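A look at the structure
Okay, here's what each chain looks like letter by letter:
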Amino acid sequence: METKSDKPNHDATSKKMIPYGGYFMSKVPAADPELTAVGPGTPMGEYMRSFWTPVCMSAEITDTPVFVRILGEDLVTFRDKSGRIGLLHAHCAHRGTSLEYGAVQERGIRCCYHGMVWDVDGSCIEVPFPKGEEKEAEKYACTVRQGAYKAFEYHGIVFAYMGNPAKEPPFPKWEENFTVGPDDDLVPYSHWQHCNWLQVQDNAADNFHTAALHAAKYVVDGKFQGTTFNENTYGALEVAPDMLFVPVHGGRGLSCTGARRVNKDRIFVRVQHQVLPNISLHAYVHEDGSERKHFGRLNLVRWTVPVDDVNSKMIGWQIMGPGVDVRNKQKREMVGYEAIDFLDGQVAMRRPERFGTYKIDDLPPIPPNHRERSCYKDAQYAPGDYEAIVSQRPTAVHALEHPTKFDTGVYLFRKMLREALRGSNPATGAEGFLDWFVSEDGAPNTYCSDYVLEIPEGKTIEEEVQRRRSLTKQIVQILTSSDKLKGAARTAFVTEKIAELERAMQVV
């Protein structure tokens, strides 16, 4: 039987439609804890601890320890004098003093308060008892451990595994160790986001927002701040895309495909790839659709790393080099800690009052233009991703959203996350991912790619819509068919099949 609480509240709905009816809409529901809470013991927190996660850039670690908060835990990372990376609970197991004030040793780190030395695995390797009490010191050392997580450096990023040590998965090296060519490099970056992790990840699945947020026509009175794609001649991204969202790899990821008209003779297709729980892979950010392309590869690899429930970081690599940068637009010196070379609005540094005390003087200097543009009013004239995401509240309230068709990717990815947390799709659980990584030798292919094809516009609006949608479906089918191939063999297969598809659609 339908209960009173199950019935739609038509009275409440009608009141929301009253002009100047803010009074009826002033109550803000709670956020969704299942997907947004990340501390120890929470569903999402435990799930994320099943995967390797970035902690910080290698450049942040100098001769002193670095305090970091990851997944709601206070931690300290350091590189001891033998070159090993340590990631320990911040508070010393002896009396709770923070190890961020500890002294890095040849092996491990010494607490400043009483001198206990902790190795990178958490074992106590030195206790400063008085001379003659060595046995007591040894006995004490055998009864205490500092919380520790396994960590290592890879291409300028420190990664850690914070889950059950008995269930440690292999570190996934997407698409042949992420690179797309022998002359390409992985250039690390890290950007603070002062909000919950999920709304940052949502933005990566929202391929529609470029048509508004990054459009020159919406910048107030032409007061650009280096924020829009269009300002840098990426007009194709101002066009609203025809989107197709397809779960891939057994529901472990989501292919987000958008088709945009460049002109009457050319169409630009961009395939982004979301991977549970918090990875996103992005195609070439500088593509403008001006030249034919049959298979462009990934340009950005990014983890959305929860700091706590109301802060997060984007940590990853921008892939740089001739294999990716076909327009010669990348600026290596502009990529790094709180800096990016294509959209100032990705980072918080242009808003120093929000960035707080996280500046690091030991890092290479931040390019001057980031400081010159660090102005609240400038950001209001030309807001970027940072403003749009962070201003959704510290944690976005899903119950207040009114989604449209083009939000499908965001909601589908959230659904996939819930299925993973609730165990309704075993493939997306920690063991399911482990089996998959092993079967793929730790290097699964990504769907991330982009294409510029010479396909004429349909004679009618209906024919054009059908043409765009048919194209995106067939591209995803080609990528799926290529998934068992690797390296050059996969590149040749996809390139050939896309060329065949282009020819077939030219004569339709």
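1. Structural notes on the side chain of Gln-201
Here Gln-201 is to be found in helix α6 (residues 197-205). Classification of Gln-201 as buried rests on a relative accessible area of 0%. Ignoring sequence-local partners within four residues, the contact set of Gln-201 consists of Gln-274, Pro-277, Asn-278, Ile-279, Ser-280, Arg-302, Thr-304 and Phe-413.

2. With respect to the packing of helix α14 (residues 461-481) against helix α15 (residues 487-506)
Running from N to C, α14 and α15 point in directions that differ by 155°, and their axes come no closer than 10 Å. In terms of orientation, α14 and α15 fall into the roughly antiparallel class. Here α14 runs over α15; the crossing is right-handed. Residue-level inspection shows Arg-467, Leu-471, Gln-474, Ile-475, Ile-478, Leu-479 and Ser-481 of α14 in contact with α15, the latter providing Arg-490, Phe-493, Val-494, Lys-497, Ile-498, Leu-501 and Met-505. Looking at side-chain class alone, the contact of α14 with α15 contains nine nonpolar, two polar and three charged residues.

3. Side note on the state of the cysteines
Going through the model one piece at a time under the given rule, you end up with zero disulfides. Of all cysteine sulfurs, the one in Cys-92 lies closest to Cys-111, which takes part in no disulfide; the gap is 3.9 Å. In this structure Cys-112 is a free cysteine whose sulfur lies 5.0 Å from that of Cys-111, the closest cysteine sulfur available.

4. Regarding the pattern of salt bridges
Inspection of every chain in the model, using the stated rule, returns 31 salt bridges. A salt bridge links Glu-464 to Arg-261, with the shortest nitrogen-to-oxygen separation between them at 2.9 Å. In this pair, Glu-464 is assigned in helix α14 and Arg-261 in strand β13 (residues 253-263), connecting sequence segments 203 residues apart. Among the ionic pairs, Lys-293 bridges to Asp-450, the shortest N-O distance being 3.0 Å. Taken together, the positions of Lys-293 in strand β16 (residues 293-296) and Asp-450 in strand β19 (residues 449-453) put the pair 157 residues apart, joining distant regions of the chain. With relative accessibility at 11%, the residue Lys-293 sits in the buried group. By relative accessible area, which is 0% here, Asp-450 ends up buried.

5. What to know about the pairing of strand β2 (residues 66-70)
Because side chains alternate across β2, one face comprises the buried residues Val-66, Val-68 and Ile-70, and the other comprises Phe-67 and Arg-69, none of which is buried. In this sheet, strand β3 (residues 73-79) lies alongside β2 in antiparallel orientation, the contact comprising five bridges. Paired with Val-68 across the two strands is Leu-75, which belongs to β3. Taking the residues between adjacent antiparallel strands as the criterion, β2 and β3 are bridged by two residues, where Leu-71 takes a positive phi near 55°.

6. So, the confidence of the model for the chain
Regions with low pLDDT carry predicted coordinates that are not meant to be interpreted in detail. Looking at the chain, pLDDT values average 88 and 89% of them are 70 or higher. Every residue in residues 1-10 scores below 50 in pLDDT, and together they form one contact with partners more than four places removed in sequence or on other chains. A low-confidence stretch, residues 353-373 (pLDDT under 50), is modelled with 41 contacts involving residues beyond four sequence positions or located in other chains.

7. Observations concerning helix α12 (residues 408-422)
With 15 residues, α12 extends 21 Å from end C-alpha to end C-alpha; this agrees with the ideal 21 Å at 1.5 Å per step. Among all positions in α12, only Gly-409, Val-410, Leu-412, Phe-413, Arg-414, Met-416, Leu-417 and Ala-420 are buried. Remark: Gly-423 follows α12 within two positions and exhibits a positive phi of approximately 80°.

Thresholds, definitions, all that
Residues numbered from 1 in each chain as written. Predicted model: local features only at pLDDT ≥ 70, side-chain atom pairs only at ≥ 80, totals over all residues. Heavy atoms only, no water. Helix = DSSP H or I, 4+ residues; strand = E, 2+ residues; numbered from the N terminus. Buried < 20%, exposed > 50% of the residue type's maximum accessible area, 1.4 Å probe, protein only. Contact = heavy atoms within 4.5 Å. Axes fitted to C-alpha atoms, helices over the stretch in contact; angles between N-to-C directions. Parallel < 35°, antiparallel > 145°, perpendicular 65-115°, else oblique. Left-handed = near helix turned anticlockwise from the far one by under 90°. Nonpolar A, V, L, I, M, F, W, Y, C, P; charged D, E, K, R; others polar. Disulfide = S-S within 2.5 Å. Salt bridge = Lys/Arg side-chain N within 4 Å of Asp/Glu carboxyl O. Pairing = 2+ DSSP bridges. pLDDT = per-residue confidence, 0-100. Expected span 1.5 Å × (residues − 1).

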